[in-house]
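Listed here are the chains, written in short residue letters.
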Amino acid sequence: MTRAGAGAAATVCLGAAVALHAAQDARYPSPAIDRPELLYVRSGDTIKRLALDYDAFAADVYWIRALQHFGGERTAPPDHVRDYALLYPLLDLTTTLDPYFSIAYRFGAIYLGEPYPGGPGRADLAMTLLRKGLAAQPQKWQYMQDIGFVYYWHLQDYKSAATWFQRASEIQGAPSWLRPLAAVTLAEGGHRSASRALFGQLAESEEPWLRDAARLRLRQLDAMDVIDALQARVALYQREHPGEPVTWQKLVAARLVPSVPVDSAGVPFIIEATGRVTVARESPLFPLPGQKPDNSS
Amino acid sequence: MNAARSVAIAVFKESVRDRIFYNLVLFAVLLVGASILMGQLTAGQDVKIIKDLGLTATSVFGLFISIFVGINLVSKEVERRSVYPLFAKPIRRSEFIIGKYAGLLLTLMVNVVVMTVALYTVLFFLSRGVSPNVQRAWDAPPIDPALLKAIGLIYVDLALVTAVAVLFSTYSSPMLSAVFTFGLYVVGQCNEDLRRLDQIVGGPAAGIVGKACYYLLPDFARFDIKLAVVHGIPVSAGYMLWTTAYAAAYVAALLLGACVIFSRRDFK
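A. The arrangement of the overall build of chain A in detail. Across its full length, chain A carries 12 helices and 2 strands. Each helix (α) and strand (β) of chain A, taken in turn from the N terminus, gives the series α-α-α-α-α-α-α-α-α-α-α-α-β-β. Its C-alpha atoms give chain A a radius of gyration of 25 Å, more than 25% over the compact-globule value 19 Å for 297 residues. Put simply, chain A has 297 residues, and 45% of those count as buried. Counting contacts in chain A only where the partners sit at least 6 residues apart, residues at least 24 apart contribute 53% of the total. Carbon and sulfur atoms make up 58% of the accessible area of chain A, which totals about 15,100 Å².

Following this line, the structure appears as structure tokens:
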């Protein structure tokens, strides 16, 4: 056989193998099992030794895995049971391999505390990760600001939040707006104006993902303002029609609202059986602060 | 020394003939491919990751060349019996060893220089459209001259690995030389554990053995400043000089050892 003939035969055989593989997959499809993701090694020290002096690159690999895990769970179809169990271990491994990987700490601060289903709702782990970052870089004011943020938004502990904003403001190179933010948080913690001040500053951040997270919070605050106004209309209707279930259609018919109101994502607000107005579960703004994943407050 | 130079040039030409520089194509494809993909996968960390990838690939590819070419440098000549006519010429065995070593260092240098140029080129294109505001949030500038420090120590690291491989190559088979060299490289990465052996195992004897190994075995972890450089953490000129001097002393010791062993071998 000539060399060209052998090459052609090899190409044909490879093509046949690929075609058989595809045909077999079509004939015997794999069952669609919703398997949880695996993480073989969870010990940062073990991975650090295994990575030899390629720990920075290994950290990048775990970082990408953390993003894929989080994104995969967050955007999974509704029938998938969302499980963010690997988010913290992956971020922990990333930051053990590369203790200066700022974005991994800060990403964790934002998304570990995010309530279910948008995140695992583990503000405690967010805090653990940020404190680990502070141990590696004690002068990193951004981590202090993020700890303040976790206290503020996820734990509603405004006094601790103000303390951390103050600590961050005292670090050399920290932005000037942190000091007044600490004062506003202490004086008006929990007020929407204070929240707007916090997220307004974060929305100016240079990191796109942090900007996006802050903008989402601002949209949630806007939605809460709209909900307050709608709640007043619902209360008015309830006063006029006591005992009657309230729907948007009835409010439109009563000319209390011009049409079915929608949030900034275009998803209609919902009226719960109790008459409470809130964002729908399908909305990217869900859940609002204090709103539980089952849509009850 | 003319003889050593001739041997070195011959080693370099042989590397070219053996298509060792084909790894540069793989390196370029890896960097360019990664730079295209990274933007979508890394939440704005593409420049950092390309730096990590570029430095890691420079080190890994260099390590493979150091070990797998280094272990064959001497043993292949002995197996093929090509050393016999060579030693009939006016060349000392030490010149032969040093020439072989220098030839591989030259190959590694060309390799590292081309990879460095490729890395800076990819970083230039990657950072071209990024606004200065976003760049300010990065730990280090994209076209960072400090990367050269990390690359410099990678080269020094490779020089030490090559010296280890050449030493083993003078008296052992290629397979065993590869195992010994890689084994020593791994142990040298975990040198810090040897220093703290008394805390890990317990007992003063373990401490003494651990400390002795810590100082005697090559400390390869010392050459790794990749993480610091990528995060813009300053690496002093003093550290660079001490580390390079340490490697130079160790390489000299290994090459002298190789020359002694090789000069005692009987080729009759």
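Continuing now.
B. Examining the interface of chain A and chain B more closely. Between chain A and chain B, the residue contacts involve 23 residues of the former and 29 residues of the latter. For the pair chain A and chain B, the two sides together bury roughly 2,200 Å², of which 62% comes from carbon and sulfur. Three residues, D53, Y54 and E206 of chain A, lead the burial of chain A against chain B; their summed loss comes to 29% of the area buried on that side. Where chain A packs against chain B, one counts 4 salt bridges. Across the salt bridge formed by K48 of chain B and D60 of chain A, the nearest N and O atoms sit 2.7 Å from each other. Connecting chain A to chain B are 9 residue pairs in polar contact (both at pLDDT 80 or more). Broken down by secondary-structure element, the contributors of at least two residues to the side of chain A that touches chain B are α3 (55–74) and α5 (102–111) of chain A. Looking at the side of chain A that touches chain B element by element, the count peaks at 8 residues for α3 of chain A. Its residues assigned to classes, the side of chain A that touches chain B shows 13 nonpolar, 2 polar and 8 charged.

C. Just unusual backbone geometry, in detail. Residues and elements named next belong to chain A. Residues Y116 and P117 are joined by a peptide bond in cis, for which omega reads 10 degrees. With respect to the secondary-structure elements, P117 resides in the loop between α5 and α6 (123–136). Here the amide bond leading from F286 into P287 is cis, since omega sits at -5 degrees, within 30 degrees of zero. One can find P287 in the segment after β2 (277–278). Here L52, not a glycine, exhibits a phi torsion of approximately 50 degrees, which is positive. Looking at the secondary structure, you find L52 in the loop between α2 (44–50) and α3.

D. Up close: the side chain of D98 of chain A. Structurally, D98 of chain A can be placed in the loop between α4 (87–97) and α5. In this structure D98 of chain A touches A59 of chain A together with K48, L227 and H231 of chain B, once residues within four positions along its chain are discounted.

E. Quick peek at the packing of aromatic side chains. Residue and element names in this part refer to chain A. Per the counting criterion, the structure on display carries 23 aromatic pairs over all chains. Between the aromatic rings of W63 and F107, the centroid separation amounts to 5.3 Å while the plane-to-plane angle is 85 degrees, which identifies the pairing as edge-to-face. Of this pair, W63 sits in helix α3 while F107 sits in helix α5; the two residues are 44 residues apart in sequence, bridging distant segments of the chain. Note on accessibility: W63 and F107 belong to one class, buried. Between F70 and Y84, the aromatic rings sit 5.7 Å apart at their centres with planes inclined by 40 degrees, giving tilted as the arrangement. Here F70, found in helix α3, pairs with Y84, found in the loop between α3 and α4; they are 14 residues apart in sequence, far enough to count as distant.

F. Main features of the pattern of salt bridges. Scanning the model with the defined rule gives 23 salt bridges over all chains in all. Residues D225 of chain A and R192 of chain A are paired through a salt bridge, measuring 2.8 Å at the closest nitrogen-oxygen approach. Placement of the pair is D225 of chain A in helix α11 (residues 208–240) and R192 of chain A in helix α10 (residues 192–202), with a sequence separation of 33 residues. Residue D225 of chain A is classed as partly exposed on the basis of its relative accessible area, which comes to 33%. For D193 of chain B, the salt bridge is made with R196 of chain B, and the minimal N-O distance between the two is 3.1 Å. Judged by relative accessible area, R196 of chain B falls into the partly exposed class, the value being 31%. Among the charged side chains, a salt-bridge network with shared partners connects R192, R196, D222, D225 and D228 of chain A.

Cut-offs used in this document
Residues numbered from 1 in each chain as written. Chains lettered and ligands numbered in written order. Predicted model: local features only at pLDDT ≥ 70, side-chain atom pairs only at ≥ 80, totals over all residues. Heavy atoms only, no water. Helix = DSSP H or I, 4+ residues; strand = E, 2+ residues; numbered from the N terminus. Rg over C-alpha atoms; globule rule 2.2 N^0.38 Å. Buried < 20%, exposed > 50% of the residue type's maximum accessible area, 1.4 Å probe, protein only. Contact = heavy atoms within 4.5 Å. Areas by Shrake-Rupley, 256 points an atom, 1.4 Å probe, with all protein chains shown as cover. Buried area = accessible area lost by both parts, 1.4 Å probe. Salt bridge = Lys/Arg side-chain N within 4 Å of Asp/Glu carboxyl O. Polar contact = N/O pair within 3.5 Å; in protein donor to acceptor, adjacent residues only side chain to side chain. Nonpolar A, V, L, I, M, F, W, Y, C, P; charged D, E, K, R; others polar. Phe/Tyr/Trp six-rings, centres within 6.5 Å; stacked < 30°, edge-to-face > 60°.

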